[in-house]
Structure formats: structure tokens, C-alpha cells
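As a plain string of letters, each chain reads:
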Amino acid sequence: FRRVLFRSSKTSVTAAILASSTWDRTFDAGSETNANAGGVLRVLTVPQPVAPQVVRFRPRAGSTGVAGTTAVSVRFTVPMETESTEKAFTVKVDGKVVSGTYRWAENTTVLVMTPARSFAPGAKVTLSVSLAAKSKFGLGLAKAATATFRVQPAVVAGRIDRKSTRLNSSHI
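Calculation rules
Residues numbered from 1 in each chain as written. Predicted model: local features only at pLDDT ≥ 70, side-chain atom pairs only at ≥ 80, totals over all residues. Heavy atoms only, no water. Helix = DSSP H or I, 4+ residues; strand = E, 2+ residues; numbered from the N terminus. Buried < 20%, exposed > 50% of the residue type's maximum accessible area, 1.4 Å probe, protein only. Contact = heavy atoms within 4.5 Å. Phe/Tyr/Trp six-rings, centres within 6.5 Å; stacked < 30°, edge-to-face > 60°. Pairing = 2+ DSSP bridges. Core = buried A, V, L, I, M, F, W, Y, C linked by side-chain atoms within 4.5 Å. Axes fitted to C-alpha atoms, helices over the stretch in contact; angles between N-to-C directions. Polar contact = N/O pair within 3.5 Å; in protein donor to acceptor, adjacent residues only side chain to side chain. pLDDT = per-residue confidence, 0-100.

Describing the overall build of the protein chain
Next, step 1: Assigned secondary structure in the protein chain consists of one helix and 14 strands.
Next, step 2: Scored against the burial criterion, the 172 residues of the protein chain give a buried share of 33%.
Next, step 3: Across the protein chain, the fraction of contacts at a sequence separation of at least 24, relative to all contacts at a separation of at least 6, is 57%.

Here's the deal with the packing of aromatic side chains
Next, step 1: Evaluated as defined, the whole model comprises one aromatic pair.
Next, step 2: Relative to Phe149, the ring of Phe119 has its centre 6.0 Å away and its plane inclined at 70°; by these criteria the two rings are edge-to-face. With Phe119 in the loop between β10 (110-115) and β11 (124-129) and Phe149 in strand β12 (residues 145-150), the pair connects residues that are 30 residues apart, well separated along the chain.
Next, step 3: Judged by relative accessible area, which is 1%, Phe149 ranks as buried.

Observations concerning the sheet that holds strand β8 (residues 96-97)
Next, step 1: Here four strands make up an open sheet; going across it, the order is β8-β7-β11-β12 and the pairing antiparallel. Both edges of this open sheet fall to β8 and β12, since each of them pairs with a single strand only.
Next, step 2: Of the strand pairs in this sheet, strand β7 (residues 89-93) and β11 are connected by five bridges, and their pairing is antiparallel. Paired with Val91 across the two strands is Leu127, which belongs to β11.

Here we look at the nonpolar core
Next, step 1: Formed by 25 residues in total, the largest nonpolar core has its most connected members in Phe89, Val91, Phe119 and Val129.
Next, step 2: When contributions to this core are tallied by element, the ones reaching two or more residues are β6 (72-76), β7, β10, β11 and β12.
Next, step 3: Other than its neighbours up to four places away in sequence, Phe89 contacts Phe57, Val72, Val74, Tyr102, Leu111, Met113, Leu127, Ser128 and Val129.

Examining the sheet that holds strand β5 (residues 54-58)
Next, step 1: With antiparallel pairing, the four strands of this open sheet are ordered in space as β5-β6-β10-β9. The two strands at the open ends of the sheet, each matched to only one other strand, are β5 and β9 (100-105). For this sheet, the mean inter-axis angle between neighbouring strands, taken without regard to orientation, is 15°.
Next, step 2: One ladder, built from four bridges, connects β6 with β10; its direction is antiparallel. Note on β10: the bridge partner recorded for Arg75 is Val110.

A few points about the side chain of Ser135
Next, step 1: Here Ser135 is to be found in the loop between β11 and β12.
Next, step 2: Within polar-contact distance, the side chain of Ser135 engages the backbone nitrogen of Phe137 at 3.1 Å.

Topic: the confidence of the model for the protein chain
As a general rule, the predicted coordinates of low-pLDDT regions are not to be interpreted in detail.
Next, step 1: Averaged over every residue, the pLDDT of the protein chain is 79; residues scoring 70 or more account for 62%.
Next, step 2: When the criterion is pLDDT under 50, residues 1-6 qualifies, and its contacts beyond four places in sequence or with other chains add up to 30 contacts.

Focus on the pairing of β10
Next, step 1: Where burial is concerned, most of β10 is hidden: five out of the six residues are buried.
Next, step 2: For β9 and β10, the ladder comprises six bridges, and the chain directions are antiparallel. Note on β10: the bridge partner recorded for Gly100 is Pro115.
Next, step 3: Following β9, the chain reverses through four residues before pairing antiparallel with β10; Glu106 in that reversal takes a positive phi of roughly 50°.

So, in C-alpha cells, the structure goes:
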């Protein structure tokens with residue numbers, strides 16, 4: 001419930017209403033409810049803030065053959081509070097945290113991170129957002145989210161080595 005104050009030219013009324021609802025009440029001059037009122041008191045819809053959710057990651061979960069120079073991003077359902085969300089967003093390459101620079105797009109609904117260094121060929125990259133991410137309304141993320149993708153493998157002696165980025169004697 002939210003408390004909302006309604007005012008008429010002569011009267012104030014405080015009421016508790018459900019969020020995301022609309023309420024209209026007409027007071028006639030001389031009625032039992034309010035002998036002095038007269039006129040219409042209106043409540044506009046009161047939106048209920050909802051917990052933010054992750055819409056998607058880019059590159060998409062399960063992608064393979066991604067360029068090592070790719071910036072990564074996460075899209076949310078609502079505008080986010082930048083500081084908490086940047087701290088809650090992690091990028092790991094083969095389990096090690098990667099640093100980079102952040103920027104926001106689309107009214108702070110998309111967080112983009114450009115890694116400080118290119119991802120290693122064949123690396124497994126994991127993107128995650130923890131429950132510490134907050135919306136501009138101060139609500140925490142509805143649930144943590146994670147996505148993993150693979151960087152394009154190295155090209156070795158004219159063929160792609162899908163298992164490793166290291167040379168071995170069978171490739172020479």
C-alpha cells in the first residue's frame with residue numbers, strides 16, 4: 001500500500017491505496033462524507049517499482065567463435081543505479097576476473113564493458129551480475145544471472161586448434 005494525499009479546494013483526504021491501482025471518488029457538496037467538499041478527487045495510477053531483471057547478455061550465452069576484441073554488455077528491464085551495478089557485474093576469462101572500462105547506454109538500461117586487453121583465443125568468458133546490482137529505485141536484482149561464451153580459437157598451421165591455444169608436435 002502507498003499513502004496518497006488528495007486535495008480538493010476545501011478538503012484534504014489521506015488514503016492508503018494499492019500500488020498500481022487507480023482510484024476515483026466524487027464528493028457532492030452537502031453529502032454525509034464531506035459536507036464542504038464538492039468536486040472530484042482523483043488518484044492517478046501509482047506505479048509499483050519492480051525488481052530489475054537481466055534481459056540478455058552480449059555476446060549471447062553459448063556463443064562460440066567470438067572475436068577476442070569484443071566489448072561485452074548486459075541489458076536490464078529498468079534503468080539501473082550505475083555504481084552498484086558496475087560493482088555487481090563481473091567478467092572472467094577462464095576463471096580470472098578481467099578489468100576494463102564501463103559505459104552506459106539507453107537510459108542506463110545497458111551496461112557495456114570494454115576489456116583492458118583482448119580475450120585470449122579459445123578462452124571461456126563468463127559474464128555475471130550479482131544480486132548487489134540496484135535499480136534507480138533502489139531495488140535489488142530479482143535474481144543473479146550468468147552467461148558464458150567462447151572466444152574464437154587460435155589458427156595454428158593453417159587449421160583451427162579447438163582444444164588449446166598452444167602448439168603441440170602434431171601440428172608442426
